[in-house]
Protein chains: 2
Amino acid sequence: MGASATTTPELYAMNGGDGRFSYAKNSFLQGHSVNASKEKIGEAIAEKLDLKILLSTSKTIRIVDVGCSVGPNTFLAIQNIIESIERKYQAQYLNINQKPEFQVFFNDLTSNDFNTLFSSLPPNRQYFAAGVPGSFHGRLFPEGSIHFFYSCIALHILSKAPEELLDKNSPSWNKGRIHYINAPDEVVNAYATQYAKGIEIFLDARAKEMVSGGMAVMSFPANPTGIPYSQTFTGAMFELLESSLLDLVKEGKISEAQVDSFNLPMYVPSLEEMMELVQKNGCFDIEKMELTSPGVHASMTNTSSMGKAIVMHVRAGMERMLIQHFGSEIIDELFNRYAKKFEEFPHHVLPSKKVQLFVVLKRK
Amino acid sequence: MGASATTTPELYAMNGGDGRFSYAKNSFLQGHSVNASKEKIGEAIAEKLDLKILLSTSKTIRIVDVGCSVGPNTFLAIQNIIESIERKYQAQYLNINQKPEFQVFFNDLTSNDFNTLFSSLPPNRQYFAAGVPGSFHGRLFPEGSIHFFYSCIALHILSKAPEELLDKNSPSWNKGRIHYINAPDEVVNAYATQYAKGIEIFLDARAKEMVSGGMAVMSFPANPTGIPYSQTFTGAMFELLESSLLDLVKEGKISEAQVDSFNLPMYVPSLEEMMELVQKNGCFDIEKMELTSPGVHASMTNTSSMGKAIVMHVRAGMERMLIQHFGSEIIDELFNRYAKKFEEFPHHVLPSKKVQLFVVLKRK
């Protein structure tokens, strides 16, 4: 993973600790995603996971949460996966005295707050826990050692923003923008290409690390075909952030050049893009790939307190990279401004959209 | 692992971060131990590790550092183990294109500073790294999954100080002392019993976790038979700490009751005690068990700067539990006093002694 010219990839990690702006305290919306996919994961395991094959070479089932952050969402998701596998085990075997053991690897960037993650591990967990620091854009585990990969709202993060966005002589120069909303095709394409490269590396690494018959379940923001990106929730969130930064430029609090040289290292793919990348890799059967709702409903988002919560979530997730680029002095003002814009944002457009991709892959 | 009446086991971890009193900055003496055992470990691997057996069931060699703390010692030790295994591999096999992969688990208490550990992992490491939080007095890994256990200066730490030391009605009441130096036999026995229980649990857990043919290499403080504990280096270190605390009692800065209720959760066994515990467990062949020098020489210790360094080492290792029990207000004064006493300590008695036990076990 190369260093980005605009921000340090290691700062893409969520806020640590358990303070006011921590991810631990500001991640219940992602929690809705975990809940929304709970049943789907249970179904995928019940219908598609063949434990007899997996347990023919190992007495241990190894599970990974890729991009786990700090909790508590990761613990809920892992608990659900283990319970689903245990149900499946009881359905496939009669001898429940020989239940498999579980080893769970919590993975995120090295800058993730593993100390907080470890100290909040469920005391009564029925698994052996380990933390694995490192980017999912690369190898993390030995060959053929993992039985189940899980990832929730992490795969939209790039290893870095495309370099050409910084090149004043390129048609991809992303002047006055921090993302590809309302940008020329060249900028969108630069992002899409960077994303495709990253997912190719991701799939290649996971294919090596997984055992044959192993399962990968991933959900992440997706762009419903035919809907302009700026009208999706993720698109709107980033547009409001950009607009808040541009206000600060107008007031002379940050420079135009600072905004020009900052590009969010995120891309929201369509189902078709992801489908093509998985097929190109060729190591996986696609058991399921569908657009879903992120589990946040109209009644939840259409309130002022939810609006505030969303702003806090964005801050917990992006504060570190914003501070690195723009300095800590402007951060409170930036988010106050963002909160105000967010209040005026038409929340009601969100919940009707299926803006998340739910993917179940099986290693051939 | 139950909670101690005197200190919280989780606070037995070394100081984190990389500040003045951090373990990262105050662990070069342990580094001498790592160096001193480097050659011995290489020999044990060359002569006793059968890679054909280990690799018959796995393409990955899994290595654990039990009680790794923060670094850099753990990285040096792991590097040495991996290089020794690779040399052995080249001696046993001709096809070096199919070299095994290595997965290294860095284990320490949950309160260990894993964030600092992870951020200082060698960038060019030839292994997959994971952190495993939890006490070695219990299971940490799935059954039959580990090929090599390593531990340096950790096994003398108890899961807790013996409870009966706090009982005023017991002959083991440890009034006016913080350890078993100059204590009645009942106190020494309480410590020895607690230690034996802990090592039984340790050996039982490791026996389950290791593959047949796997190796465990451990070195830790030991008490040479026939030498009074107070004349060993560890014994003297603790006696000086006790004496410093008693000075603070005399001056009314801490209470007598505070000293009475504090007992160091550490025990330094003899070779014979350890031998008996391993034989009682029965799952291991003893390939080597010998008293060694900790690798610190007269020329090093007999200087004022080394004396200061040792004091800093003790502080890095024990500050957290001392602060929890006595409060942070007295900690600077305590260590100033300790440093002064240490200066008057006859360093020359130390290096001639073999005060470390080097143990190589092989899982049957």
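Residues numbered from 1 in each chain as written. Chains lettered and ligands numbered in written order. Predicted model: local features only at pLDDT ≥ 70, side-chain atom pairs only at ≥ 80, totals over all residues. Heavy atoms only, no water.

1. Some remarks on helix 1 (residues 28-48) of chain B
Stage number 1. The terminal C-alpha atoms of helix 1 of chain B lie 29 Å apart, and with 21 residues this matches the ideal 30 Å at 1.5 Å per residue to within 8%.
Stage number 2. Buried within helix 1 of chain B we find B:L29, B:Q30, B:G31, B:H32, B:S33, B:V34, B:S37, B:I41, B:G42, B:A44 and B:I45. (Helix = DSSP H or I, 4+ residues; strand = E, 2+ residues; numbered from the N terminus. Expected span 1.5 Å × (residues − 1). Buried < 20%, exposed > 50% of the residue type's maximum accessible area, 1.4 Å probe, protein only.)

2. Some words on the relation of the copies chain A and chain B
Stage number 1. If you rotate chain A by 180 degrees and push it 0.0 Å along the axis, it lands on chain B with an RMSD of 0.0 Å. Here the copies are linked by what is in effect a two-fold axis. It is A:G131 whose C-alpha, among those of chain A, lies nearest the rotation axis, at 2.5 Å.
Stage number 2. Comparing interface residues between copies, 100% of those in chain A also lie at the interface in chain B; the contact surface is shared. (Least-squares fit on C-alpha atoms with pLDDT ≥ 70 in both. Contact = heavy atoms within 4.5 Å.)

3. Comments concerning the packing of helix 6 (residues 233-250) of chain B against helix 11 (residues 331-343) of chain B
All names here are of chain B.
Stage number 1. With their axes 9 Å apart at the nearest point, helix 6 and helix 11 run at an angle of 130 degrees to one another. As the angle between them shows, helix 6 and helix 11 are arranged oblique. Of the two possible hands of crossing, helix 6 and helix 11 adopt the one that is right-handed. Along its contact with helix 6, which presents F233, M237, L240, L241, S243, S244, L245, D247 and L248, the element helix 11 presents E333, L334, R337, Y338, K341 and F342.
Stage number 2. Tallied by class, the residues present in the contact of helix 6 with helix 11 amount to nine nonpolar, two polar and four charged. (Axes fitted to C-alpha atoms, helices over the stretch in contact; angles between N-to-C directions. Parallel < 35°, antiparallel > 145°, perpendicular 65-115°, else oblique. Left-handed = near helix turned anticlockwise from the far one by under 90°. Nonpolar A, V, L, I, M, F, W, Y, C, P; charged D, E, K, R; others polar.)

4. As for the interface of chain A and chain B
Stage number 1. Counting residues at the interface gives 26 residues for chain A, matched by 27 residues for chain B.
Stage number 2. Interface area, chain A with chain B, both sides summed: about 2,100 Å², of which 55% is carbon and sulfur.
Stage number 3. Linking chain A with chain B are four salt bridges.
Stage number 4. The residue B:K59 makes a salt bridge to A:E143 at a minimum N-O spacing of 3.9 Å.
Stage number 5. Looking at the side of chain A that touches chain B, the elements that each hand over two or more residues are strand 1 (60-66), strand 2 (101-108), helix 4 (114-119) and strand 3 (128-133) of chain A. (Buried area = accessible area lost by both parts, 1.4 Å probe. Salt bridge = Lys/Arg side-chain N within 4 Å of Asp/Glu carboxyl O.)

5. Regarding the pairing of strand 1 (residues 60-66) of chain B
Residue and element names in this part refer to chain B.
Stage number 1. Among the seven residues in strand 1, seven count as buried, and that is most of the element.
Stage number 2. The two faces of strand 1 match: T60, R62, V64 and V66 on one face and I61, I63 and D65 on the other face are all buried.
Stage number 3. Bridge count between strand 1 and strand 2 (residues 101-108): seven bridges; the pairing is parallel. When the sheet's bridge partners are listed, I63 is paired in strand 2 with V104. (Pairing = 2+ DSSP bridges.)

6. Some remarks on the packing of aromatic side chains
Stage number 1. Taken as a whole and assessed by the stated rule, the structure comprises 27 aromatic pairs over all chains.
Stage number 2. Following the ring pairs from residue to residue traces out a cluster consisting of A:F105, A:F141, A:F149, B:F105, B:F141 and B:F149.
Stage number 3. For the cation-ring pair, A:K40 lies above A:F358, with the distance from its terminal atom to the ring centre recorded as 5.7 Å. (Phe/Tyr/Trp six-rings, centres within 6.5 Å; stacked < 30°, edge-to-face > 60°. Lys NZ or Arg CZ within 6 Å of the ring centre and 35° of its normal.)

7. Let's talk about the pattern of salt bridges
Stage number 1. Applying the stated criterion to the full structure yields 42 salt bridges over all chains.
Stage number 2. With a shortest N-O distance of 2.9 Å, A:R337 and A:E333 are connected by a salt bridge. Taken together, the residues A:R337 and A:E333, both in helix 11 (residues 331-343) and four residues apart, mark about one turn of the helix.
Stage number 3. Since its relative accessible area comes to 27%, A:E333 is described here as partly exposed.
Stage number 4. Notably, a salt bridge pairs B:K341 with B:D247, separated by 2.9 Å at the nearest N-O pair. Of this pair, B:K341 sits in helix 11 while B:D247 sits in helix 6; the two residues are 94 residues apart in sequence, bridging distant segments of the chain. Both residues of the pair, B:K341 and B:D247, count as buried.
Stage number 5. Connected via shared salt-bridge partners are A:D247, A:K250, A:E251, A:K253, A:E333, A:R337 and A:K341.

By themselves, these observations are geometric and do not establish any function.
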